[in-house]
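Structural description and commentary
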Amino acid sequence: MVKTEPKNHPSGDNRFKLLDRAITKHHANGDALIEILHAAQGIFGFLENDMMIYIANALKLPLSRVYGVATFYHFFRLKPKGEHTFVLCTGTACYVKGANEIQKAVEHQCRCKFGETTQDGKVSLISARCVGSCGLAPVAVLDDSVAGKLTTDEAVKRVKQWQEAIKEEAV
Amino acid sequence: MTVEDLRELAEKELARQAEFKYRILYCSSAGCVSSGCDAVKIELKKTVAELELSKKCEIIGTGCLGLCGEGPLVIVYPDMTLYQHVDAGIARRIIEEHVGQGKKLKENELDLNDPFFATQKKIVLENMGKINAESIEEYIAADGYEALAKALTEMVPEEVIGEIRKAGLRGRGGAGYPTGLKWDIVRKGVSEQKYVVCNADEGDPGAFMDRSVLEGDPHRVLEGMAIAAYAVGANQGYIYVRAEYPLAIDRLRTAIKQAERLGLLGNRILESQFNFRIDIRIGAGAFVCGEETALLRSVMGRRGRPKVRPPYPSEKGLWDKPTVINNVETYANVAPIIRDGSAWFASIGTQKSPGTKVFAIAGNVKRPGLIEVPMGIPLRKIVFDIGGGTPEGTQFKAAQAGGPSGGCIPTEHLDIPVDYESLQTVGAMMGSGGMIVIDNTSNMVEVAKFFSEFCMDESCGKCVPCRVGTKHIHIMLDKIIKGEASESDFELLKELCVMVKETSLCGLGQSAPNGVLSTIRFFEEEYRAKLKKQDGKQSQQESSVIAAKEV
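All of these numbers come straight from a predicted model, not from anything done at the bench.

1. Some points on the interface of chain A and chain B
On the side of chain B, 36 residues touch chain A, which itself brings 32 residues to the contact. Among the elements of the structure, helix 2 (33-44), helix 4 (63-72) and helix 5 (92-96) of chain A are those that each provide at least two residues to the side of chain A that touches chain B. When grouped by side-chain class, the residues that make up the side of chain A that touches chain B number 19 nonpolar, 10 polar and three charged.

Right, dumping it as structure tokens:
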């Protein structure tokens, strides 16, 4: 049985201390599972299988419950994210303003679909339901900065910039 | 803190504000953050420091000023001058010229008598552009927590519910259930423990009303929830917010801390016997969680899957205890009703739907933004007077109200009054307040497919009609768009839509076909133009549609 008070994880990964603190804050209560998954994803970036087993033990929940919740909600990721993220809003306002054209162009440029990460694992394309900036449609969130009234050319240009930077790094 | 302390605090704050000759408020809501209001804030503050004007003017971040497409917006008091498209350069000039020399910047000034502003009536959004979104003192100075004080000191819970019932407040989440009635059921429920839940899982794409309220005036929601808790006898509240709204979550956290510090939340509120705590629960991206039973399961850390009703949450909600669950905007209406009385509230709007409604208007419209209008206003006024109509060279085709669950309202129904019942007569619904304007550059079948894709992705999978039905609706629409569908496919689509609507478990499935049904109802010719003809030739209609597009 895993104790919930902060102590070193056998792997020596100190990030588990942070996770343990979040679990303790919620008194290891299974009802706070979503909160704890949020915390875990915030700390580790995504939810690995081992991580879910760890959380299930700590909260005394069946693993099926933890896995079920983690896969039910769009927000939780079971795979790591790329270095760069291109979050395209696919809400109604953005759709009406031509977000699907941007989608096609960016998918073509990255050679992968939205919801996937490029083969080199560097750029993740994510579609968001609505980021709530409908007045500025079409909107995308590029590495956490919001770009409003985005054009297809601009979107492709930004992705190209990332790709060039990645190439330079590789050299 | 006692009620007297509260009033003293309000006076102290007003006196503090009066010391400044100018108060400069920049919009710090998500829309303007996206347009770059941070740079504006930095420049305003820097210039004030440089010119040593810090005793003369104060720089404050405020809630959404409404005209999101023209941001970043800045408003200067006391002369109420609203500036649009403010960048660092303009920000500097506002301080130098407006504050320094008393000269307005004409070229960036917005006319507040413009129909965009003049047609609106603000209750929920009354503090937007007036107070600092992150200061409880400013909220209190604007009569904040006065309604809670009145309820706790002058009214018994039954009287509070009576006021809400007399005011005729209806749920602003879309269904329009009378709020007072809901509270009354929870009040009468026999249980030691009751809960108050705020639904801030604003999932409709194209809707950002709740977000703006939470970002711009979070205390108003907390106060409304506290009054609800007092009325029904609850001591614990939850606000369920989408994870996609980090700024709103931040502001709520700050607001809850501030209210706890002043004894306006927590134990013995305003020295009374009333205790109430509020915790935040963060959603994780599931549209179905906007449905109340699914939301409650999500608050309890489960998968957000709806349950059969009855029992309704007001009888068996969180952990099977009686639970009040209302939308953000509903709670935001509570404090003004208690403060100014039910008669005042009932005098606004229509008899059956009193009050106002906040809409997020977006899409192909000149002036997208956040608006609040009295119920019963003709749709035409919203689209043309406030929204400014569609961009040059295009024509209005339809307004889509109610998100993926709602329907389209075409040109011939533009004069319909916007209230719960009237919108239903044309197959649309009030919904939570997203209003997307569609012009003649969009094809309605494609729009329907967009919504069907959304519903298909968001179906939780619990009941078969929704899980399988939405998928097939999507496949059929795709077939129609590719020109591979026949007349009998089209008939099957209609039949399937009715089946999904009538047999699904929860609101998501029951309303999922609305987008298709309403576009078929008003734009059937666009569907027919895409159907395969038996002889394989293009129909005349189709050629004319193509010809029109080429022009």
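2. Structural notes on the domain arrangement of chain B
Annotation of chain B at the domain level lists domain 1 (12-118), domain 2 (143-346), domain 3 (356-439) and domain 4 (444-550). Here the C-alpha centroids of domain 1 of chain B and domain 4 of chain B sit 48 Å apart.

3. Some thoughts on the environment of Glu-502 of chain B
Residues and elements named next belong to chain B. For Glu-502, the position within the fold is in helix 20 (residues 487-503). Overall, the presence of 11 C-beta atoms within 10 Å leaves Glu-502 in the exposed class. Considered as a pair, Glu-502 and Gly-389 are 113 residues apart in the sequence and their alpha carbons are 36 Å apart.

4. Section: the nonpolar core
Residues and elements named next belong to chain B. Core analysis: the biggest nonpolar cluster contains 218 residues, and Val-197, Ile-227 and Ala-228 have the highest contact counts within it. Here this core gets 10 residues from one element, more than from any other, and that element is helix 11 (residues 218-232). Not counting residues up to four positions away in its chain, the partners in contact with Val-197 are Gly-237, Tyr-238, Tyr-240, Leu-296, Val-299, Leu-318, Thr-323, Val-324 and Ile-325.

5. Describing unusual backbone geometry
The omega torsion across Tyr-77 of chain B and Pro-78 of chain B is 10 degrees, close enough to zero to call that bond cis. Backbone torsion omega between Arg-309 of chain B and Pro-310 of chain B reads -5 degrees, so that peptide bond is classified as cis. Relative to the assigned elements, Pro-310 of chain B resides in the loop between helix 13 (292-299) and strand 9 (323-327). In the Ramachandran plot, Arg-111 of chain A falls in the positive-phi region, its phi being about 55 degrees despite a non-glycine side chain. Within the secondary structure, Arg-111 of chain A is located in the loop between helix 6 (99-110) and strand 2 (123-128). Given 9 C-beta atoms within 10 Å, Arg-111 of chain A falls into the exposed group. Even without a glycine there, the phi angle at Glu-271 of chain B is positive, about 60 degrees. With 14 C-beta atoms packed within 10 Å, Glu-271 of chain B lands in the partly exposed category.

Rules used throughout
Residues numbered from 1 in each chain as written. Chains lettered and ligands numbered in written order. Predicted model: local features only at pLDDT ≥ 70, side-chain atom pairs only at ≥ 80, totals over all residues. Contact = placed C-beta atoms within 7 Å. Helix = DSSP H or I, 4+ residues; strand = E, 2+ residues; numbered from the N terminus. Nonpolar A, V, L, I, M, F, W, Y, C, P; charged D, E, K, R; others polar. Domains from an automatic or database assignment. Buried ≥ 20, exposed ≤ 12 C-beta atoms within 10 Å, placed from the backbone. Core = buried A, V, L, I, M, F, W, Y, C linked by C-beta atoms within 7 Å.

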